[in-house]
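# Geometric and topological summary
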Amino acid sequence: MKKDELVTIKIQDMSAEGLGIGKADGYTLFVKDAVIGDVAEVKIMKMKKNYGFARLMTIKEPSKDRVKPLCPVARQCGGCQIQAVAYKTQLKFKENLIENHLKRIGGFTQIPMEPIVGMENPYRYRNKAQFPIGIDKEGNLRAGFFAGRTHTIIPVEDCLLGVKENKTILNKVLSFMKTEGIAAYDETNGKGLVRHVLIRYGFFTKEIMVCLIINGKKLLNAEKLVESLRQIPGMTSITINSNESRTNVILGDTIKLLWGQTYITDTIGEISYQISPLSFYQVNPVQTEKLYQIALEYANLTGEETVWDLYCGIGTISLFLAQKAKHVYGVEIVPDAIRDAKKNAQRNGITNAEFFVGKAEEVLPEKYEKEGIKADVIVVDPPRKGCDKKLLETIVKMQPKRIVYVSCDSATLARDLKWMCERGYELKRVRGIDQFGQTVHVETVALLSKLKTDKHIDVELDMDEFACCGE
Ligand code: SAH
């Protein structure tokens with residue numbers, strides 16, 4: 001077998017990244033866009049010693065789990081890795097992914113998995129979109145995405161995961177840029193002005209936020225853009241974010257108000273939240289409510305508990321829990337998010353929640369060691385890299401009765417649960433919640449309970465255990 005050769009294989013498995021896996025003469029091939037069960041002719045693109053990568057050329061026999069993607073550019077875009085897989089099968093895949101990580105990385109043998117919570121409609125579910133602005137092959141200004149390793153944009157003004165309003169907004173931004181002769185940012189030379197358009201939509205309130213991310217400080221004739229955008233029903237916040245650094249990080253640090261207010265509001269369950277451009281907010285509000293309900297159920301509060309919500313963002317989970325707890329403390333690294341969190345407590349009349357800005361791994365140890373603060377229940381909801389080891393160490397020392405771990409990466413979840421379960425905790429419940437249909441991502445909630453034992457808990461850290469997930 002060699003590069004560029006065509007082979008016919010049966011796809012027998014799927015990788016965590018959503019690549020189909022098959023074998024040709026015992027040699028493993030990873031094939032993007034192939035679905036388990038497909039028999040397909042593939043072209044070998046890259047060969048390594050034990051495995052290689054191939055391109056899907058012709059599907060000879062389609063898998064029974066294969067569906068026609070609704071998006072015309074699903075294959076090129078790559079944002080939806082598994083749009084060609086039937087939604088039911090996507091859910092099964094995600095459930096297996098969580099279970100396999102818990103087995104393989106976590107070393108768990110008995111896994112108390114509860115059925116995954118799927119979406120009723122796995123399209124148009126995102127309340128947030130960040131569209132890059134650039135030029136297409138013909139040199140026209142467009143919004144869309146950059147096709148792998150190129151600098152021309154493939155236009156997609158209507159991503160099917162996002163709301164319909166996105167298209168109207170993008171068209172108005174692009175037409176303003178054309179009339180005013182404003183160039184799109186070009187990452188090859190750092191020239192040009194408009195980099196991205198960030199749009200947020202309150203599913204419940206129907207409020208809209210538009211934030212233009214620019215490579216500069218000023219947008220000339222911005223009032224013309226404002227005049228056009230404010231005609232859209234629900235428009236609430238129009239801002240500019242300056243990002244003059246040559247990185248692929250989307251947002252800079254400063255927000256300037258052009259019109260309206262700097263935030264929008266939305267509601268999850270009984271609680272209303274204000275959301276600023278720089279704050280994190282869950283992208284799928286319908287599933288988020290289910291996620292928070294499960295976290296609340298796992299926390300099993302009676303009204304007497306002191307609860308810590310670490311990585312709290314704008315205080316979403318904290319305020320959900322505060323309705324059923326004695327006191328809730330939230331910790332978050334982004335100052336704007338904590339400002340939102342405090343306002344959110346006020347706007348909902350919640351007086352038993354307090355928020356601190358800082359790294360969870362610094363704030364919690366300090367509060368525990370210097371102020372002797374306690375915790376009956378600890379909730380964590382870290383980014384993909386999982387919890388910092390210093391944080392886990394403090395959590396275990398504090399000995400809360402229950403730990404609720406909300407995770408967007410089941411590999412790091414498994415690593416962290418293993419560590420805590422070796423130090424006096426037991427895995428009681430696990431449940432997947434699909435927040436990201438058509439993609440390989442999945443949210444997981446896990447409940448750990450303190451073992452009733454007087455055994456000395458050794459919290460000395462073994463650094464190697466934290467090396468597994470590419471940190
Ligand atoms: N629980 C919230 C936010 C979860 S996202 C919600 O459901 O909306 C993870 C959050 O962790 C982000 O807001 C991010 O800014 C924050 N974060 C990242 N690293 C952190 C750290 N070391 N300490 C505290 N917060 C951190």
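Report follows, based on the coordinates. Position labels on residues start from 1 in each chain and follow its written sequence. Only residues with pLDDT of at least 70 are given local features in this predicted model, and only at 80 or more are side-chain atom pairs given and counted; all residues enter the totals for whole chains, interfaces and linings. Computation of side-chain values: all heavy atoms of the structure, hydrogens and water removed.

## Considerations on the packing of aromatic side chains
Condition: Each Phe, Tyr or Trp ring (for Trp, its six-membered ring) is paired with any other whose centre lies within 6.5 Å, and the angle between the two planes then decides the class: stacked below 30 degrees, edge-to-face above 60, tilted in between. Only when the NZ atom of a Lys or the CZ atom of an Arg is both within 6 Å of the ring centre and within 35 degrees of the ring normal do we say a charge sits over the ring.
For the coordinates displayed, the defined rule picks out eight aromatic pairs. In this arrangement the basic side chain of Arg 195 is found over the ring face of Tyr 185, its NZ or CZ atom lying 4.2 Å from the centre. One residue, Lys 450, lies across the ring of Tyr 425, its end atom 5.8 Å from the ring centre.

## Focus: the nonpolar core
Note the threshold: Definition used in this section: a nonpolar core is a set of buried Ala, Val, Leu, Ile, Met, Phe, Trp, Tyr and Cys residues joined via side-chain atoms within 4.5 Å. Only protein chains enter the calculation, and the probe is 1.4 Å; a residue is then buried if its accessible area is under 20% of its type maximum, exposed if over 50%, and partly exposed in between. Domain borders in the structure are assigned automatically or taken from a domain database. In this analysis, two residues are considered to be in contact whenever any of their non-hydrogen atoms come within 4.5 Å of each other.
Membership of the largest hydrophobic core comes to 63 residues, with the highest contact counts inside it found for Trp 308, Leu 310, Leu 417 and Met 420. The residues that make up this core include at least three from each of domain 2 (102-119 + 284-467) and domain 3 (128-268). Contacts of Trp 308, omitting those with residues within four sequence positions, involve Tyr 329, Val 331, Phe 356, Leu 364, Lys 367, Ile 373, Lys 374, Ala 375, Val 377, Ile 378, Val 379 and Met 398. Of all hydrophobic cores here, the second largest spans 40 residues; its members include Ile 268, Val 307, Ala 322 and Val 445.

## A short note on helix H7 (residues 335-347)
Selection rule: In this text, helices come from DSSP runs of H or I with a minimum length of four residues, and strands from runs of E with a minimum of two, each type numbered from the N-terminal end. To estimate how far a helix should extend, the number of its residues minus one is multiplied by 1.5 Å. Taken from the helix axis, the directions to the C-beta atoms give the arc we talk about.
Compared with an ideal rise of 1.5 Å per residue, which puts 13 residues at 18 Å, H7 spans 18 Å between its outermost C-alpha atoms and is within 8% of the ideal. All of the buried residues along H7 are Ala 337, Ile 338, Asp 340, Ala 341, Asn 344 and Ala 345. Summarising the axial view, the buried residues of H7 lie within an arc of 155 degrees, below the 170-degree limit, and thus occupy one face. Against strand S15 (271-275), helix H6 (316-322), strand S17 (327-332) and strand S18 (353-357) lie the buried residues of H7. Positive phi appears at Gly 349, one or two residues downstream of H7, with a value of about 65 degrees.

## As for the site of the ligand
The condition is simple: Whether a residue is near a molecule or strand depends on its heavy atoms: it is near if one of them lies within 4 Å of it. In the analysis that follows, any N or O atom pair within 3.5 Å is treated as a polar contact, provided that within protein one partner can donate a hydrogen and the other can accept it, and provided that, for residues neighboring in sequence, both atoms belong to side chains. Methods summary: accessible areas were calculated by the Shrake-Rupley approach with a probe of 1.4 Å, and residue burial reflects only the protein chains presented. Gly falls in the polar group here, along with every residue not listed as nonpolar (Ala, Val, Leu, Ile, Met, Phe, Trp, Tyr, Cys, Pro) or charged (Asp, Glu, Lys, Arg).
The environment of the ligand is formed by 17 residues, the closest being Gln 282, Tyr 292, Glu 332, Ala 360 and Asp 381. For the ligand, an oxygen atom lies 2.6 Å from a polar atom in the side chain of Tyr 292. Look at the ligand: alone it shows 570 Å² of surface, and the protein chains cover 88% of it. Breaking the shell around the ligand down by element, the ones donating at least two residues are H6 and helix H8 (360-371). Here the shell around the ligand is built from residues that sort into nine nonpolar, four polar and four charged.

## Remarks on the sheet that holds S17
Selection rule: A strand pair is defined by DSSP finding two or more bridges across the two strands. Every axis corresponds to a line fitted to the C-alpha atoms, with the helix fit spanning only the stretch in contact, and the corresponding angles, defined between N-to-C directions, vary from 0 to 180 degrees.
Here we have eight strands laid out as an open sheet, ordered S6-S21-S22-S20-S19-S16-S17-S18, and mixed in their pairing. Each having just a single partner strand, strand S6 (113-117) and S18 make up the two edges of the open sheet. In this sheet, neighbouring strand axes are inclined to one another by 15 degrees on average, regardless of whether the strands run parallel or antiparallel. Strand direction decides the pairing type here: strand S16 (residues 306-310) and S17, joined by five bridges, are parallel. Residue pairing for S17: Val 307 is matched across the bridge by Val 328. Sheet strands touched by helix H5 (residues 285-299): S6, strand S19 (377-380), strand S20 (402-407), strand S21 (425-433) and strand S22 (443-450). Its angle to S21, the strand with the most contacts, is close to 165 degrees.

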